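# Residue-level structure breakdown
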Amino acid sequence: MSRLKAGDKAPKFSLPDQDGETVSVSDFKGQRVLVYFYPKAMTPGCTVQACGLRDKMNELKEIGVEVLGISTDTPEKLSRFAEKEMLNFTLLSDVDHQVAEQFGVWGVKQFMGKTYEGIHRISFLVDPKGDIEHVFDKFKTSNHHQIVLDYLKQHSS
């Protein structure tokens, strides 16, 4: 699994969102976008991570950053997740994990002695030109939003 890194071109992709509408990354041209991959909606860690971003959405918007959360969940499940947690950003459904593979975050994982394929919890900041500006791969679900914000505050254009 070769993961994209800072300086790489971000893959161009279109996926259905939690309302079943198609969202393309090109819709956000000229903006910075945080593309964050998470394993599964409605699970404890992913909920903590999503709620952290939800609560910091105003700050992120002020800095001019859009958020796209991507998992292999169906749009129906994403819709329930967004509703239950009152999420205020776009969730995208990558059911056949093609986008996760393009970013290099789909691969073998281990959990409680089992090995399986899944999404690695990694976030990519895409700059207005469509290049990857920064990769966030060292964080806890509880401080992900803070690490992202700290980076953005140090590197605001």
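A few points on the structure.

Definitions and limits used
Residues numbered from 1 in each chain as written. Predicted model: local features only at pLDDT ≥ 70, side-chain atom pairs only at ≥ 80, totals over all residues. Heavy atoms only, no water. Salt bridge = Lys/Arg side-chain N within 4 Å of Asp/Glu carboxyl O. Helix = DSSP H or I, 4+ residues; strand = E, 2+ residues; numbered from the N terminus. Patch = residues over 30% accessible without salt bridge, like charges linked within 9 Å, V, L, I, M, F, W, Y side chains within 5 Å. Areas by Shrake-Rupley, 256 points an atom, 1.4 Å probe, with all protein chains shown as cover. Pairing = 2+ DSSP bridges. Axes fitted to C-alpha atoms, helices over the stretch in contact; angles between N-to-C directions. Contact = heavy atoms within 4.5 Å. Buried < 20%, exposed > 50% of the residue type's maximum accessible area, 1.4 Å probe, protein only.

### Quick word on the pattern of salt bridges
Summed over all chains, the structure comprises 11 salt bridges. Residue Glu133 is joined to Arg32 by a salt bridge in which the shortest nitrogen-to-oxygen separation is 2.7 Å. Of this pair, Glu133 sits in strand β9 (residues 132–136) while Arg32 sits in strand β3 (residues 32–37), and the two are 101 residues apart along the sequence. Lys61 is the partner of Glu66 in a salt bridge, and the nearest nitrogen-oxygen pair spans 3.5 Å.

### Some thoughts on a nonpolar patch on the surface
Where nonpolar side chains cluster on the molecular surface, the patch consists of Phe111, Met112 and Tyr116 and spans about 380 Å² of accessible area. One can find Phe111 in strand β6 (residues 106–111).

### Topic: the sheet that holds β9
What the 5 strands build is an open sheet, ordered β5-β4-β3-β8-β9; its pairing is mixed. The open sheet has two edge strands with one neighbour each: β5 (90–93) and β9. Sheet twist, expressed as the average angle between the axes of neighbouring strands with direction ignored, equals 20 degrees. Sheet contacts for helix α1 (residues 44–55): β3, β4 (65–71) and β8 (123–126); angle to β3, the most-contacted strand, approximately 165 degrees.

### Quick look at the pairing of β4
It is a general feature of regular strands that their side chains alternate between the two faces of the sheet. The element β4 is extensively covered by neighbouring structure, given that 7 of its 7 residues are classed as buried. Side-chain alternation along β4 places Val65, Val67, Gly69 and Ser71 on one buried face and Glu66, Leu68 and Ile70 on a second face that is also buried. Note: β3 against β4, 6 bridges, orientation parallel. Note on β4: the bridge partner recorded for Tyr36 is Gly69. By the bridge criterion, 4 bridges tie β4 to β5 in an arrangement that is parallel.

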